[in-house]
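Residues per chain, in single letters:
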Amino acid sequence: MGTSGSQVGSLNLMRGEEGKNWEVGVMSWLFLYFLLGSTASHLGTEVAEMRKRQQSQNEGTSAVSQAPGNQRPNNTCCFCWCCCCSCSCQNPTADEIMSWAQNFDKMMKTPAGRNLFREFLRTEYSEENLLFWLACEDLKKEQNKKVIEEKARLIYEDYISILSPKEVSLDSRVREVINRNLLDPSPHMYEDAQLQIYTLMHRDSFPRFLNSQMYKSLIESTVGSTSET
């Protein structure tokens, strides 16, 4: 059966449109290809520049830290709680370390004891208990009302709030007391909570600390160094 002229014209028109669409598609693809290639090249250049700047900063920081006035002395106290290397505390003697086993309060009063106990708590993922207790001790020393309010708020956000990853374990009664005290913060507003956490560390964590390899190794090394001298 023959094909009419109008049908042939329509067929050619359709083929022409398909050709145009194909050309448009190819041009669009090429445009995106070069655009993305240019963008990737630009981003790569920026990343390289950022790495160069960061490397230069690290080298500068390293140079400053190695300057004679900034070098850490070799005989600094490794037990210092503040870790600032500028205090005058001394390493505990073997007798002092062994006395901690008989008196939790005595250990908690010494920077060396708190520091070692903190290292142990960190291995048990309960370091926040000691950090909370120390924050409360710091709050008790404050007298400025605005500073008290700020520190009280930070303690709540860091250790009391159920949204905090460092939340300490407190019963509902103590939490109610804290919530009331937040209306008028004071240096001693966390005393009940602090006592509860202190008791928890004493009864739960402290016995495991005394049986830990960390504590035993410290005694052995201290006794050994004492006998050598």
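Here's what I pulled together on the structure shown here. (Residues numbered from 1 in each chain as written. Predicted model: local features only at pLDDT ≥ 70, side-chain atom pairs only at ≥ 80, totals over all residues. Heavy atoms only, no water.)

**Observations concerning the pattern of salt bridges**
One pass over the full model with this rule turns up 13 salt bridges. With a shortest N-O distance of 2.7 Å, Arg 208 and Glu 124 are connected by a salt bridge. In this pair, Arg 208 sits in helix 8 (residues 191-210) while Glu 124 sits in the loop between helix 4 (111-123) and helix 5 (127-140), placing the two residues 84 residues apart along the sequence. Here Arg 208 falls in the partly exposed class, since its relative accessible area comes to 36%. A relative accessible area of 28% places Glu 124 in the partly exposed class. We note a salt bridge from Asp 184 to Lys 145, for which the minimum N-O separation is 3.7 Å. Residue Asp 184 is found in the loop between helix 7 (172-181) and helix 8, and its partner Lys 145 is found in helix 6 (residues 145-160); the two are separated by 39 residues along the sequence. (Salt bridge = Lys/Arg side-chain N within 4 Å of Asp/Glu carboxyl O. Helix = DSSP H or I, 4+ residues; strand = E, 2+ residues; numbered from the N terminus. Buried < 20%, exposed > 50% of the residue type's maximum accessible area, 1.4 Å probe, protein only.)

**Things to note about helix 5**
For helix 5, which comprises 14 residues, the first-to-last C-alpha distance of 21 Å matches the rise-based estimate of 20 Å (1.5 Å per residue) to within 8%. Counting buried positions along helix 5 yields 10 of 14 residues, so the element is predominantly enclosed. Three or more residues of helix 5 are buried, namely Glu 127, Glu 128, Asn 129, Leu 130, Phe 132, Trp 133, Leu 134, Ala 135, Cys 136 and Leu 139. Residues of helix 5 that are buried make contact with helix 3 (104-109), helix 4, helix 6 and helix 8. (Expected span 1.5 Å × (residues − 1). Contact = heavy atoms within 4.5 Å.)

**Brief notes about helix 6**
For helix 6, built from 16 residues, the straight-helix expectation of 22 Å at 1.5 Å per residue is met to within 8% by its first-to-last C-alpha distance of 21 Å. Listed in full, the buried residues belonging to helix 6 are Ile 148, Ala 152, Ile 155, Tyr 159 and Ile 160. Each buried residue of helix 6 lies within a common arc of 75° when the element is viewed along its axis, so the set occupies one face. Where helix 6 starts, the residue carrying a side-chain oxygen 3.0 Å from the main-chain nitrogen of Lys 146 turns out to be Asn 144. (Arc of directions from axis to C-beta. Polar contact = N/O pair within 3.5 Å; in protein donor to acceptor, adjacent residues only side chain to side chain.)

**Side note on the environment of Ile 219**
Looking at the secondary structure, you find Ile 219 in helix 9 (residues 213-228). Note: C-alpha distance between Ile 219 and Thr 93 (126 residues apart in sequence) is 9.1 Å. Not counting the four nearest positions on each side in its chain, Ile 219 is found in contact with Ile 97 and Met 98.

**Points about the packing of helix 7 against helix 8**
Contact geometry for helix 7 and helix 8: axes closest at 9 Å, N-to-C directions at 150°. Judged on the interaxial angle alone, helix 8 and helix 7 are roughly antiparallel. Counted together, Arg 173, Val 174, Val 177 and Ile 178 of helix 7 and Asp 192, Ala 193 and Gln 196 of helix 8 form the full contact between these two elements. Residues belonging to the contact of helix 7 with helix 8 are distributed by class as follows: four nonpolar, one polar and two charged. (Axes fitted to C-alpha atoms, helices over the stretch in contact; angles between N-to-C directions. Parallel < 35°, antiparallel > 145°, perpendicular 65-115°, else oblique. Nonpolar A, V, L, I, M, F, W, Y, C, P; charged D, E, K, R; others polar.)

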